[in-house]
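Below are the chains, spelled out letter by letter.
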Amino acid sequence: MIDRARRCRGLLPALLILFVLALTAAPGGRELLLKASKPVAPAALAALEAGGGAVVQELRSCLLLRARPELASRLRAAGLAAQPLTRVTAADYFLLNVPGERPLPAELPGVRRFALEPGTWLLETGDAGFRERLAQPYRLKLLALEGVLPVQPPLSGERAQAAPGAASVIDRLAAAVSEDRLRADIQALQDFRTRYASTPECEAAGSFLRRRLQEMDLGAQFQPFTFYGFQSRNVWAMIPGLTEPGQKVVVVAHYDSTSGQPRALAPGADDNGSGTAAVLELARLLSGERFDFSIVLLCVSAEEWGLFGSRAYAVQARERGDGIVGVIDLDMISFPDPSGFAVDLYGNNSSEWLVDRFIAVARGRARLRLDKVIDPSMVYSDHSPFWDQGYPALCANEDSNSPYYHTTGDTLATLDMGFAVEATRAAVAAVADLAQPIAWPAPPAGLEARSQAVNSLFMRRKSVYLNWQASAGAAGYLVYRADSSRGAYARLTPEAIAGTAYADLLLPPDRHYYYVVSAVDAEGRESNFSQEVRDDENN
Amino acid sequence: MTRTTRRRALLLAAFLAFACLPCFTAASGTPGRRLFAGAGAAFLNPLSADFRRVYDRPGWPLEAQLGWRIGPRLDLLLSGRWQLARGETVVPDPVGPRESYPLRMRVFALRLGAGFRLGDGAVAPYVAGGFQQAWFRERWPDAEAEENGSGFGVFAQGGCSLRLGRVFQLMALLDYSYAPMKGDETGTIDLGGVGLQIGIRAAIL
């Protein structure tokens, strides 16, 4: 009896140690959220990644990081002074932005807050109802604690400018935007009285959007998702690309709305009936056209709750391995500034090329001013979850201060439909340009590549054999090669070649090469590129 | 001075030093020792299957030799051996049209060793062996490519010598060499082989 008691006493310290070890080893149990002021040295980011930490959010002046405490000293050694904000718990973490840099209420029960930038806070809460105790207007983003991915470089594989024939297609499409249809769709969305996510009216609005897309013979679908125990649905449809259907241009707008009394009345004509109507108009205009890349028309819900709908889509796209050329987010594009029609195009550093390209193609096709704003802190719309997943994206947003923003007064009567038409024209031109209209002649189809090694005794080379199907109306073909997928293509054929085969001989063997072919008609007009193939794709 | 130039200078110095040996020995009064020079050609059969596959015409290696008789039957040997081979590229796993490009390979080997006569008659068995340092240059004109390398190996010879008067000897030898070479893009390949070598020697000092 005494022996047993002694044995038990001996086991107690061991159990205690095991208990402590179990606590400390719990996944995420000791992780911290840290704020690191910019600029951050690349060595520090490498140390963060190597230590199992992650960048959770990039803002204009700082980065939000997730890391274990012991990693902090290593980060300091790598030149990063990071200020701990809080320990990561099972709570939700939001970025909150209050336009005009208004102060927050002194007390927000159930919510911890940490100032990040002027007008921007990090909120930690387990209470879904906190947002209804905040005075409108405000903007929210749910943080993805798993970390964000670096945004991919631009696809330089596609044309920097549309093929000559494509320009006239873009002109025609932009000119065909209908004010009546935009007005009718905004009115229809406003007629739901509220589209606040979690309400039946919001779900009915989703069904309406799917019906509208189906009327255009697009196979529209729902993407259900949950947030705080509620269910809502994104609605999406796709115009399949003919040359590279796996590459997608996404145009997105949120159809949910909010106001000071969101469950009763939130007409959301500008925010974001205007963007949603523009997506429907894009669907109508683009669905009859032929493009190289697919176009995804995406209406998302629960944006006003913290970008839940677009996050669900972007995460799933990344998991599927979707290739996304670029994302155009249309969010409030119909309330003009008294000084004139103007739209701000928000991008982050890696998406700047997308903003530049939008401006270049919309100029002359839409009568409005387009301003480039490179600001990684502008994360309060549906482009931001795409940034987090490493996709290039921009947000088009009216350059004005609407007094009706997030109020029950945000109605069609306050909008300028002329502005809505011009902004939609710009969007049509940008999306069509990114998806690359197929003009005459058609790009070659069925490009295949085989590579074979050619050896001397001490040297290795490889030769690549290409063949493709003849394009109708083509007088010849041009062959291009890049060292990386969608890299900078260099033309291999100084003149168009007549046949439908080409051999690229005696290349250094230690890397892969990527090829595209274009067709040239008798008048010298060049088609878009064919689908890209890797040198050994058909071996 | 580049590495190649330095190497050539060293080789030249070694050759000159070897050539001057009889002068020093003559000064020290050691009669009977002779310097001789020789030349020969060989029919080579490479032992490497890769070599044979790429170079179906391995060429006829030519050799120039200086020898110094240091004993009644023992010779010290220094020789240079040139080989020019012609071949064509190979395609191990063809998936397209048959491709073939001409190749050129030059091999130079500097050999240092000893030879031993196994008799005093007009016809006597003769064996030799030693080390060699070899350099190769493979050229692929269509690819505008060239590969250089070097390697250390050994050689062995066996055959007979036929005395032709007081000055000349005719040599017929079976020649084996092991010449491992490593390229940048490949593993080690033996450029040596087995060959039949015919040559003539002349006593010059």
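Given the structure is predicted, the values throughout are model-derived calculations rather than measurements. (Residues numbered from 1 in each chain as written. Chains lettered and ligands numbered in written order. Predicted model: local features only at pLDDT ≥ 70, side-chain atom pairs only at ≥ 80, totals over all residues. Heavy atoms only, no water.)

A tally of helices and strands in chain A yields eleven helices and 23 strands. Here chain A, with 539 residues, has 57% of them falling under the buried criterion. In chain A, the share of contacts with a sequence separation of at least 24, taken over all contacts with a separation of at least 6, comes to 76%. Of the roughly 21400 Å² of accessible surface on chain A, 53% is carried by carbon and sulfur atoms. (Helix = DSSP H or I, 4+ residues; strand = E, 2+ residues; numbered from the N terminus. Buried < 20%, exposed > 50% of the residue type's maximum accessible area, 1.4 Å probe, protein only. Contact = heavy atoms within 4.5 Å. Areas by Shrake-Rupley, 256 points an atom, 1.4 Å probe, with all protein chains shown as cover.)

Counting its secondary structure elements, chain B contains two helices and ten strands. Of the regular secondary structure in chain B, the N- to C-terminal order runs α-β-α-β-β-β-β-β-β-β-β-β. Taking the intrachain contacts of chain B between residues at least 6 apart in sequence as the baseline, contacts between residues at least 24 apart amount to 60%. Total accessible area computed for chain B in this model is approximately 10900 Å², and 63% of it derives from carbon and sulfur atoms.

Moving on, we come to the nonpolar core. Residues and elements named next belong to chain A. Counting 92 residues, the largest nonpolar core has Leu96, Leu286, Leu297, Leu330, Leu345 and Phe358 as the members making the most contacts within it. When residues in this core are grouped by element, the largest group, 14 residues, is from helix 11 (residues 417–435). For this core, the domains that each give at least three residues are domain 2 (27–142) and domain 3 (164–435). Residues within four places of Phe358 in sequence aside, it is in contact with Ile328, Leu345, Leu370, Leu394, Ala426, Ala427 and Ala430. Listed in part, the 34 residues of the second largest apolar core include Leu59, Leu116, Val379 and Trp387. (Core = buried A, V, L, I, M, F, W, Y, C linked by side-chain atoms within 4.5 Å. Domains from an automatic or database assignment.)

Moving on: the pairing of strand 2 (residues 54–58) of chain A. Taken across its five residues, strand 2 of chain A has four buried, putting it largely inside the fold. Counted along the chain from strand 2 of chain A to the antiparallel partner strand 3 (residues 62–67) of chain A, the turn is three residues long. (Pairing = 2+ DSSP bridges.)

Take the packing of aromatic side chains next. Any two aromatic rings considered together are summarised by their centre-to-centre distance and by the angle between their planes. The final tally for this structure, using the stated rule, is 24 aromatic pairs over all chains. Plain terms: the ring middles of Tyr228(A) and Trp305(A) are 6.2 Å apart, the flat faces sit at 40° to each other, and that makes the pair tilted. Linking Tyr228(A) in the loop between strand 9 (221–227) and strand 10 (230–239) with Trp305(A) in the loop between strand 12 (293–300) and helix 8 (308–320), this pair joins segments that are 77 residues apart in sequence. Residue Trp305(A) is classed as buried on the basis of its relative accessible area, which comes to 2%. Judged by centre distance (5.0 Å) and plane angle (45°), the rings of Trp82(B) and Phe108(B) are tilted. Of this pair, Trp82(B) sits in strand 3 (residues 74–88) while Phe108(B) sits in strand 4 (residues 102–117), and the two are 26 residues apart along the sequence. (Phe/Tyr/Trp six-rings, centres within 6.5 Å; stacked < 30°, edge-to-face > 60°.)

So, on to the interface of chain B and chain A. The partner chain A presents 16 residues to the 33 residues of chain B that form the contact. At the junction of chain B and chain A, the tally comes to ten residue pairs in polar contact (both at pLDDT 80 or more). The set of elements that each furnish at least two residues to the side of chain B that touches chain A consists of helix 2 (49–54), strand 4, strand 5 (123–140), strand 6 (145–164) and strand 8 (180–182) of chain B. The dominant element in the side of chain B that touches chain A, judged by the number of residues it contributes, is strand 5 of chain B, at four residues. (Polar contact = N/O pair within 3.5 Å; in protein donor to acceptor, adjacent residues only side chain to side chain.)

Moving on: the sheet that holds strand 4 of chain B. All names here are of chain B. Spatial ordering of the closed barrel is given by 1-2-3-4-5-6-7-10, a layout of eight strands whose pairing is antiparallel. The mean angle between the axes of side-by-side strands here comes to 25°, regardless of whether they run parallel or antiparallel. Sheet analysis places strand 4 next to strand 5, joined by 14 bridges and oriented antiparallel. When the bridges of strand 5 are listed, Leu110 appears paired with Gln133. (Axes fitted to C-alpha atoms, helices over the stretch in contact; angles between N-to-C directions.)

All names here are of chain A. Compared with an ideal rise of 1.5 Å per residue, which puts twelve residues at 16 Å, helix 5 (residues 179–190) spans 16 Å between its outermost C-alpha atoms and is within 8% of the ideal. Where helix 5 is buried, its residues contact helix 6 (200–215), helix 7 (269–286) and helix 11. By the N-cap criterion, in which a side-chain oxygen at the helix start approaches the backbone nitrogen of a residue two or three places on, helix 5 is capped by Ser178, the distance to Asp180 being 3.4 Å. (Expected span 1.5 Å × (residues − 1).)

What follows concerns the sheet that holds strand 17 (residues 448–455) of chain A. Residue and element names in this part refer to chain A. If you walk across this open sheet you meet the three strands as 17-18-21, and the pairing is antiparallel. Since the sheet does not close on itself, it has two edges, and those belong to strand 17 and strand 21 (501–507), each with one partner. With strand direction ignored, the average angle separating the axes of adjacent strands in the sheet is 15°. Pairing geometry for strand 17 and strand 18 (residues 460–467), over eight bridges, is antiparallel.

Next up on the list: helix 9 (residues 352–362) of chain A. All names here are of chain A. Most of helix 9 is tucked away, with eight of its eleven residues classed as buried. Trp353, Leu354, Val355, Arg357, Phe358, Ile359, Val361 and Ala362 are the residues of helix 9 that are buried. Two residues or fewer after helix 9 comes Gly364, characterised by a positive phi angle close to 85°.

Residue and element names in this part refer to chain A. Topologically, Glu532 is positioned in the loop between strand 22 (514–520) and strand 23 (533–534). As for Glu532 and Arg486, which are separated by 46 residues in sequence, their C-alpha atoms are 7.7 Å apart. In this structure Glu532 touches Glu244, Ser484, Ser485, Arg486, Tyr489, Tyr514, Tyr515, Val516 and Glu537, once residues within four positions along its chain are discounted. A polar contact is formed between the side chain of Glu532 and the side chain of Ser485, at a distance of 2.7 Å. Separated by 2.4 Å, the side chains of Glu532 and Tyr489 make a polar contact.

Residue and element names in this part refer to chain B. Note that Ser79 resides in strand 3. In terms of polar contacts, Ser79 uses its side chain to reach the side chain of Glu63, at 3.0 Å. Non-local contacts of Ser79, meaning those with residues more than four positions away in its chain, are made with Glu63, Ala64, Gln65, Ala109, Leu110 and Arg111.

This paragraph deals with the pattern of salt bridges. Applying the stated criterion to the full structure yields 38 salt bridges over all chains. Linking Lys38(A) and Glu58(A) is a salt bridge whose minimum nitrogen-to-oxygen distance equals 2.7 Å. Of this pair, Lys38(A) sits in the loop between strand 1 (32–37) and helix 2 (42–50) while Glu58(A) sits in strand 2; the two residues are 20 residues apart in sequence, bridging distant segments of the chain. For Lys38(A), a relative accessible area of 28% corresponds to the partly exposed category. Here Asp50(B) ties to Arg53(B) by a salt bridge, and the two come within 3.3 Å at their closest N and O atoms. With Asp50(B) and Arg53(B) both in helix 2, this residue pair falls three residues apart, about one helical turn. Three or more residues are tied together by salt bridges with common partners; here these are Glu63(B), Arg81(B), Arg111(B) and Asp175(B). (Salt bridge = Lys/Arg side-chain N within 4 Å of Asp/Glu carboxyl O.)

The next subject is the confidence of the model for chain A. For chain A, per-residue confidence averages 88 on the pLDDT scale, and residues scoring 70 or more make up 91% of the total. In this model, residues 19–29 of chain A is a region of pLDDT below 50 whose contacts with residues beyond four sequence positions or in other chains number seven contacts. (pLDDT = per-residue confidence, 0-100.)

Right, let's get into the side chain of Thr276(A). All names here are of chain A. Assignment of secondary structure puts Thr276 in helix 7. For Thr276, a relative accessible area of 0% translates into the label buried. Engagement of the side chain of Thr276 in a polar contact is seen with the backbone oxygen of His254, the distance being 3.1 Å. In this view, Thr276 contacts Leu189, Leu209, Ala253, His254, Tyr255 and Cys299; residues no more than four positions away in its chain are not counted.

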